Every structure is written in C-alpha cells, then in structure tokens.
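# Architecture at a glance
Given next are the chains, with one letter for each unit.
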Amino acid sequence: MEALEAIQQGAAGKPIFDPTSCVIYTVLGASGDLAKKKIFPALCNLFEKKVLPPSCQIIGFARSKVTIPELAEKCKNYMKAKDEKVLEEFWSRVTYTQGGYDSDGLGKLSHSIQKLEKKHSSKQRFRLFYLALPPTVFINVCTQLKQHCWSKNVSCRVIVEKPFGRDMETSNELSAALTGLFREHEIYRIDHYLGKEMVLNLIILRFGNELLRSVWNRDKISNVVITFKEDFGTAGRAGYFDTSGIIRDVMQNHLLQILCLVAMERPVSVDASDIRDEKVKVLKFIKPIELDDVVIGQYVGNPDGKTDDARTGYKEDPGVPADSKTPTYAMAKMHIDNDRWAGVPFILKCGKALNER
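Below you will find a few notes about this structure. No experiment lies behind these values; they were computed from the predicted model shown.

### Notes on unusual backbone geometry
- Unlike most non-glycine residues, K50 shows phi in positive territory, near 65 degrees.
- Relative to the assigned elements, K50 resides in the loop between α2 (33-48) and β2 (57-62).
- The phi dihedral of A353 falls on the positive side, at around 55 degrees, and the residue is not glycine.
- You can see A353 is positioned in the segment after β10 (345-351).

In structure tokens form, the structure reads like this:
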C-alpha cells in the first residue's frame, strides 16, 4: 500500500470530510510561487482523489489582481492531474478575492466566505486557511483572521507554512502569538516538502521492509547523504530568498525533516504526535555542528550558459543587493550520537543553480 493511501485511511479508516460537508479552503498568498507550484496542484490532487468533497470551495486571496484563467495558466505546468475534465471541474470550484492583509482586506475575505457558505445547507462547516506567506506577516494576518474570519459555529483551522520564524527568538514569539489567538488543535504547522510521495514513502520503506530494518544502522551504513539540488536560480523569489538564504529556506526544515525520517526509531503508530516524538528524539541526539563541518557558497553566472537563467549570477537577479552575502549553497556534516547512528556522518547538501536537479 502506498504511503499516501495509508495516511489518508489513518487510524479512523474513514474519509476526512463527509461528502456533504461545506468545506471552504482559503489560500492566502495565492498569487505567489508556493501557491503556484505546490498548494494549488496539491489541492487539485486531493480533489481528484475525492479527499476533498465535490462541493468544496477554494478561495485564492492576495494583493495582486488575478483572474481564475490567469491563475490556472500559472499553475498549469505544475499540476499532476492531466485529465481536462478534472482540471475544469477543479478550477470551477476556485474563486479569487483581491485584498490587502489588513482589516479591510480580511473583511472582504470574510464576506466572500460567508457568501459561499450561504449556498450550502450542510450543518458541517469547515474553514481552512493556508498561509502561503512570509513568516514576517504571520502574526498580523492571524490576528486579522481571528477577528474577521473565525466563527464559533464553524470548525476553523489555520495552516502555517515553514519557515516558522527566522530564529529561536522569532519562533518563540510566533508560537506565543498563535497559541494566544487559537486553540492548539486549530493550528497546523507544516513543511510542504513532507507531502512529496518519496518522503511519504520513507516511513513505509523503512519500517515495512524486514530486510532494510536489519541493516539500517551504523554496522552496515558508513554515511548518509541527503541532497537537494535545483538547476535554476531564485526564479522570481529573490526578495524573499535574500532574507532567508538556503540554510533557512531548505536545510533547517526540508533536509532536517528527511534526516529525522531516515534516522528515527519506529514510532508507536503513524499518528502525527507519535512520529513527531520520534523526530524530536533524533534532534536531541544531534551534536552541535562545528564550523569546520560546514561549507557555504553563492552561485555566479556561467558565461557559456545556454539560457538567460544559466548566465545570470545571484547578485544579478533583480531584487538582490549588490553586496549580498546570502548563501545559495550549503553543506553540513552532522552526527547523531545514539546507539544506532554513533560514528555515521549525515551529510546534508542543498543548493540553487546547480548542474542538475
């Protein structure tokens, strides 16, 4: 059984939503790169697999003025669904509201939600809000969401995308703000990379295969290399990327999550809290990283490149300061000091504008 099917069935063994439920899924930051490449394709995939009820409504919300045909065209190359009927039906469930992330804008969003809800007679109502936004605006947006879009008569959830703060201080500040606004079960903190089929299958591959289970240790493995490679540059995300860099953008979330899945012990169940507990144990066993075990770099243009992107260096990308020292490549060697992995180096590599993907 594929991991996705196992997770969908879960412990309850039943669909997430009743087919007649009123489900309104709002993507805040709908005109951005994450929404285009990941969120809308994932929602379409869930719609095609009937995880989302056929009557669901999806609202795109952002400051930019965008039509649904324009949004569909932007997402076209990233959609897994290829059936034109599925795509047509999916986009017919999508509407778009333009507005700022302030009281007026979120007031407009609330009006759009209520307008859609009036078309449903179901008493089971859900409002889900996905923050495909920079972490610097999370607190303000969540405050406005609570004030304008939350309802005691509707099951509401907010989905917070990585990076969760910039450092420990801002992460703690964000946690305090969110828990002050919402109850814990109303908050989902996620890393979209965990939705990749390859990553989902890691748990099944590790713990459902007796042969691998017997050799998955320091006696049979000399080192573990986890690599993230992109063959293109910042691709329009320079403004965001230069404030984060490859370590915050990729290594400390995507790659550490994979490291945890590779290194963790068998969880009690596939329940999220049990998997989280095992991941935390791995992180606590990681030794502090030495500076000598880290390499960082920044890509430059290749004069002989075949495309404009290949010939453009990072500092030549619009939005990047001329004196930027933001790393676009990083490698770090880590050691997990427990019985299973003592002495086995875990090498994490990630970079943009590399030779291959």
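Having seen it, we continue.
### Concerning the packing of aromatic side chains
- For the coordinates displayed, the defined rule picks out 11 aromatic pairs.
- Between F90 and W91, the ring centres sit 5.1 Å apart and the planes meet at 70 degrees, which makes this aromatic pair edge-to-face. Of the two residues, F90 and W91, neither departs from the other in class, the shared state being buried.
- Centroid distance Y193 to F228: 5.9 Å. Interplanar angle 50 degrees. Geometry classified as tilted. With a gap of 35 residues between them, Y193 in the loop between β6 (187-190) and α8 (197-207) and F228 in strand β7 (residues 224-229) connect regions that are remote in the sequence. For the pair shown, Y193 and F228 are each scored as buried.
- Following the ring pairs from residue to residue traces out a cluster consisting of F40, F47, F90 and W91.

### Quick word on the side chain of N253
- Along the chain, N253 falls in helix α10 (residues 238-263).
- Relative accessible area serves as the criterion here: at 7%, N253 is assigned to the buried category.
- Other than its neighbours up to four places away in sequence, N253 contacts K162, P163, D191 and R248.

### Here's the deal with the pairing of β7
- The side-chain alternation of β7 yields one buried face, formed by V224, I226 and F228, and one unburied face, formed by V225, T227 and K229.
- Pairing geometry for β7 and β10, over six bridges, is parallel. Among the inter-strand pairings, V224 is bridged to a residue of β10, identified as F346.

### Focus on the nonpolar core
- Residues L28, F40, F90, W91, L109, L131 and L145 are the most contacted members of the largest nonpolar core, which totals 60 residues.
- With residues up to four places along the chain from it excluded, the contact list for L145 reads L28, L106, L109, F129, L131, W150 and V158.
- Formed by 38 residues, the second largest nonpolar core is a distinct cluster that contains F228, Y299, Y314 and F346.

### Some remarks on helix α3 (residues 68-75)
- Turning to α3, its buried residues are I68, L71, A72 and C75. Looking down the long axis of α3, one finds its buried residues gathered within 100 degrees of arc, a one-sided arrangement. Of the residues in α3, the exposed ones pointing more than 90 degrees away from the buried face are P69 and E73.
- Structurally, α3 contributes buried residues whose contacts are with α2, α4 (84-92) and β3 (94-98).

### Points about the environment of C44
- Structurally, C44 can be placed in helix α2.
- Exposure remark for C44: the relative accessible area of 0% places this residue in the buried category.
- Separated by 161 residues in the primary sequence, C44 and L205 place their C-alpha atoms 26 Å from one another.
- Setting aside residues no more than four positions away along its own chain, C44 makes contact with M79, A81, L87 and F90.

### Digging into the side chain of S122
- By the element assignment, S122 lies in the loop between α5 (103-117) and β4 (125-131).
- Engagement of the side chain of S122 in a polar contact is seen with the backbone nitrogen of Q124, the distance being 3.1 Å.
- If sequence neighbours within four positions are ignored, S122 has contacts with T20, S21 and C22.

### What to know about the pattern of salt bridges
- Applying the stated rule across the entire model yields 14 salt bridges.
- Across the pair K229 and E356 runs a salt bridge whose closest N-O atoms are separated by 3.1 Å. Placement of the pair is K229 in strand β7 and E356 in the segment after β10, with a sequence separation of 127 residues.
- A relative accessible area of 26% places K229 in the partly exposed class.

### Details of the sheet that holds strand β1 (residues 22-28)
- Strand order in the open sheet formed by six strands is β3-β2-β1-β4-β5-β6, with parallel pairing between adjacent strands. Because the sheet does not close on itself, it has two edges, and the strands there are β3 and β6. On average, each strand axis in the sheet is tilted by 20 degrees relative to the strand beside it, whichever way the strands run.
- Where β1 and β4 come together, seven bridges link them in parallel fashion. Each residue of the ladder has a partner; that of V27, found in β4, is Y130.

### Observations concerning α5
- With 15 residues, α5 extends 21 Å between its outermost C-alpha atoms, agreeing within 8% with the 21 Å of an ideal straight helix rising 1.5 Å per residue.
- Burial in α5 covers these residues: G105, L106, L109, S110, S112, I113, L116 and E117. In an axial view of α5, the angular spread of the buried residues amounts to 160 degrees, which keeps them on one side of the axis. Facing away from the buried side of α5 by more than 90 degrees, the exposed set consists of D104, H111 and K115.
- Tucked inside the fold, the buried residues of α5 contact β1, β2, β3, β4 and α6 (138-148).

Calculation notes
- Residues numbered from 1 in each chain as written.
- Predicted model: local features only at pLDDT ≥ 70, side-chain atom pairs only at ≥ 80, totals over all residues.
- Heavy atoms only, no water.
- Helix = DSSP H or I, 4+ residues; strand = E, 2+ residues; numbered from the N terminus.
- Phe/Tyr/Trp six-rings, centres within 6.5 Å; stacked < 30°, edge-to-face > 60°.
- Buried < 20%, exposed > 50% of the residue type's maximum accessible area, 1.4 Å probe, protein only.
- Contact = heavy atoms within 4.5 Å.
- Pairing = 2+ DSSP bridges.
- Core = buried A, V, L, I, M, F, W, Y, C linked by side-chain atoms within 4.5 Å.
- Arc of directions from axis to C-beta.
- Polar contact = N/O pair within 3.5 Å; in protein donor to acceptor, adjacent residues only side chain to side chain.
- Salt bridge = Lys/Arg side-chain N within 4 Å of Asp/Glu carboxyl O.
- Axes fitted to C-alpha atoms, helices over the stretch in contact; angles between N-to-C directions.
- Expected span 1.5 Å × (residues − 1).

No statement about biological role is implied by the geometric values presented.
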